[in-house]
Amino acid sequence: MTDIVSPASVTVSKAPPRRDIGIKRRYAAERRFQAYGIAAITFGLVFLFILLWTVIGKGYTAFQQTAITLPIEFSEKTIDPNNKRATDPSVLIAANYPVLLRDAIVKQLNINAASRPDVRDASAMLSKSAPIQLRDMVMSDPSIIGKTVNVTVLADANVDSANKGQIDLSVDEKNRKVNDKQVGWMNELKASGALHKQFNTGLFVNGNSSRPEAAGLGVALIGSLYLMLIVLVLSLPIGVAASIYLEEFAPKNKLTDLIEVNINNLAAVPSIVYGLLGLSVFINFIGLPRSASLVGGLVLTLMTLPTIIIATRAALRAVPPSIRAAALGLGASKMQMVFHHVLPLAMPGILTGTIIGLAHALGETAPLLLIGMVAFVANAPTTPLDPSTALPVQVYMWANEAERAFVERTSGAIIVLLLFLIVMNMGAILLRRRFERRW
């Protein structure tokens, strides 16, 4: 006998509605998009961390410098044997100051003065800039002649690298620039306190030098300051004035449309093109001096202007039209409306765009190379017409040097440049948050 199944007891499986499948797909797509975004941010942060770790790991030692304190006998027999300094001060300039250093280091290490190889190796531990330091001391105070004074001089770049652990002293001395005797003397001087590390003020005040231990960013810092002042003085008023005219006063026609399109295109032009323009116009045609901060400032002004104009116009557009209508309705002229009401409200965006443009200009290298700011400049410029260089150019020059000690100098200069850029960008953010008005 066949069992009869009741229709009520039969369970029929129904397919889920198509609407539910669509919602699940949208949620899945949203989760995938969020995962892609998180992966992209993580990817960027990882490479940023690697970049900063590499630069800081190689460059933090540049802010310390190995120095040696020696009792220097300013022997009158060596400096002015004929006692002519009263009538001929030039004898103090031409004195044999390396001999004073040689005698001091030999005496400090108890080296046999008759052993020329030992004397040569000991003298090589001192920087080649040390005689200049002694000369400057004598020129500023001739009364020290005949006295013994403790003087702290820079160690040679190879000694500095060895003292910082940048040279592997376990390899054969034939394969390194510091021999075993010099390593022993370093340990002896370190034990006596004569060899020590100190803050490297020369990195910020010295000019460029072929000796790594004496090279500094002083000229580049002054040159960059001149560049930024020139760019600020020229680009801010010109850019703001052009933006106000185009946004508030210029008629909307094909000519203004063409100008707007060209401004946007100029913002995307490679910076080296501006360098070619500065070389042909400011140097070859007008005749301004090469390597001058004035020429670099003019070139960077041309490069920064489109950025400032675009940012200023965006800030002006962000001011609600009701502000303009209210000012005009109360009887203000269009000029009063712009300068008394619209411009103050747009100032945070204008300042932000200007600072970002200046930060962009500070990091540019290519246009400055073409106008000759890559020259070797040892003396600080006193005017914008004097030969100078800039921070990114100095980084480029040091990166091309073959000396090992210039590696840390290059990374140290990059750290200084990054700090300037971070401060400028933070200033832009703080200004925007401080003065921004929400509508």
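Residues numbered from 1 in each chain as written. Predicted model: local features only at pLDDT ≥ 70, side-chain atom pairs only at ≥ 80, totals over all residues. Heavy atoms only, no water.

## Things to note about the packing of aromatic side chains
Going by this rule: Classification of ring pairs rests on two measures: the distance between centres of Phe, Tyr or Trp rings, Trp counted by its six-membered ring, which must be within 6.5 Å, and the angle between planes, read as stacked under 30 degrees, edge-to-face over 60 and tilted in between. Here the term buried applies to any residue with accessible area under 20% of the maximum for its type, exposed to any over 50%, and partly exposed to those in between, with areas from a 1.4 Å probe on protein chains only.
Applying the stated criterion to the full structure yields five aromatic pairs. On the numbers, 6.2 Å between centres and 40° between planes, the contact of tryptophan 398 with phenylalanine 406 is tilted. Both residues of the pair, tryptophan 398 and phenylalanine 406, belong to the buried class. Among the aromatic side chains, those forming a connected cluster through ring pairs are Phe63, Phe199 and Phe204.

## Brief notes about the side chain of serine 293
Rules: Numbered from the N terminus, helices here are DSSP runs of H or I no shorter than four residues, and strands are runs of E no shorter than two. The contact definition used throughout considers only heavy atoms, calling two residues in contact when any of these lie within 4.5 Å.
By secondary structure assignment, the location of serine 293 is in helix 13 (residues 293-318). Serine 293 has contacts with Gly223, Tyr226, Leu227, Ile230, Met373, Pro384, Asp386 and Ser388, leaving out every residue within four places of it along the chain.

## A short note on the sheet that holds strand 3 (residues 195-199)
Where we set the bar: Think of it this way: DSSP has to see at least two bridges between two strands before they count as a pair. In this analysis an axis means a line fitted to C-alpha atoms, helices contributing only their contacting stretch, and an angle means the value between N-to-C directions, from 0 to 180 degrees.
The antiparallel open sheet is built from three strands, whose spatial order is 2-1-3. The strands lining the two open edges of the sheet, one partner per strand, are strand 2 (148-154) and strand 3. On average, each strand axis in the sheet is inclined to that of its neighbour by 40°, with strand direction left out of account. Note that strand 1 (residues 64-73) and strand 3 share five bridges and pair antiparallel. Directly across from alanine 67, in strand 3, lies its bridge partner histidine 196. Here helix 4 (residues 97-109) sits on the sheet and contacts strand 1 and strand 2; the angle it forms with strand 1, its principal contact strand, is near 95°. This element, helix 6 (residues 130-140), spans strand 1 and strand 2 of the sheet and lies at about 140° to strand 2.

## Examining the pairing of strand 1
Two elements, strand 1 and strand 2, share seven bridges in a ladder whose sense is antiparallel. Bridge assignment links isoleucine 72 to a residue of strand 2, and that residue is valine 149.

## Focus: a nonpolar patch on the surface
Applicable threshold: Surface patches are drawn from residues lacking salt bridges whose relative accessible area is over 30%; two like charges belong together within 9 Å, two nonpolar side chains (Val, Leu, Ile, Met, Phe, Trp, Tyr) within 5 Å. Computed by Shrake-Rupley with a 1.4 Å probe, the accessible areas treat only the displayed protein chains as cover when residues are assessed. The rule for a salt bridge is simple: a side-chain nitrogen of Lys or Arg has to be within 4 Å of a carboxyl oxygen of Asp or Glu.
A surface patch of nonpolar side chains, amounting to about 1,000 Å² of accessible area, comprises Ile41, Leu45, Leu48, Leu51, Leu52, Ile56, Tyr60, Leu418, Leu419, Ile422 and Met426. Broken down by secondary-structure element, the contributors of at least two residues to the nonpolar patch are helix 1 (18-59) and helix 18 (405-435). Here the nonpolar patch gets six residues from one element, more than from any other, and that element is helix 1. Looking at the secondary structure, you find isoleucine 422 in helix 18. The exposure class of isoleucine 422 is partly exposed, given its relative accessible area of 45%.

## Remarks on the UniProt feature "transmembrane region" (unreviewed entry) in the chain
Heads up, the rule is: UniProt positions are given in the numbering used here, feature names are shortened, and annotations may be inferred rather than shown by experiment.
Under the UniProt annotation, the feature "transmembrane region" (unreviewed entry) is placed at residues 33-56, 217-246, 266-288, 294-316, 337-362 and 412-431. This span, residues 266-288, is 70% helix and 0% strand, and a straight line between its end C-alpha atoms measures 24 Å.

## Some details on the pattern of salt bridges
According to the stated counting rule, one finds 11 salt bridges in the structure shown. Among the ionic pairs, aspartate 180 bridges to arginine 176, the shortest N-O distance being 2.6 Å. Put simply, arginine 409 and glutamate 408 hold a salt bridge, and the shortest N to O gap is 3.5 Å. Assessed through its relative accessible area of 1%, arginine 409 is described here as buried.

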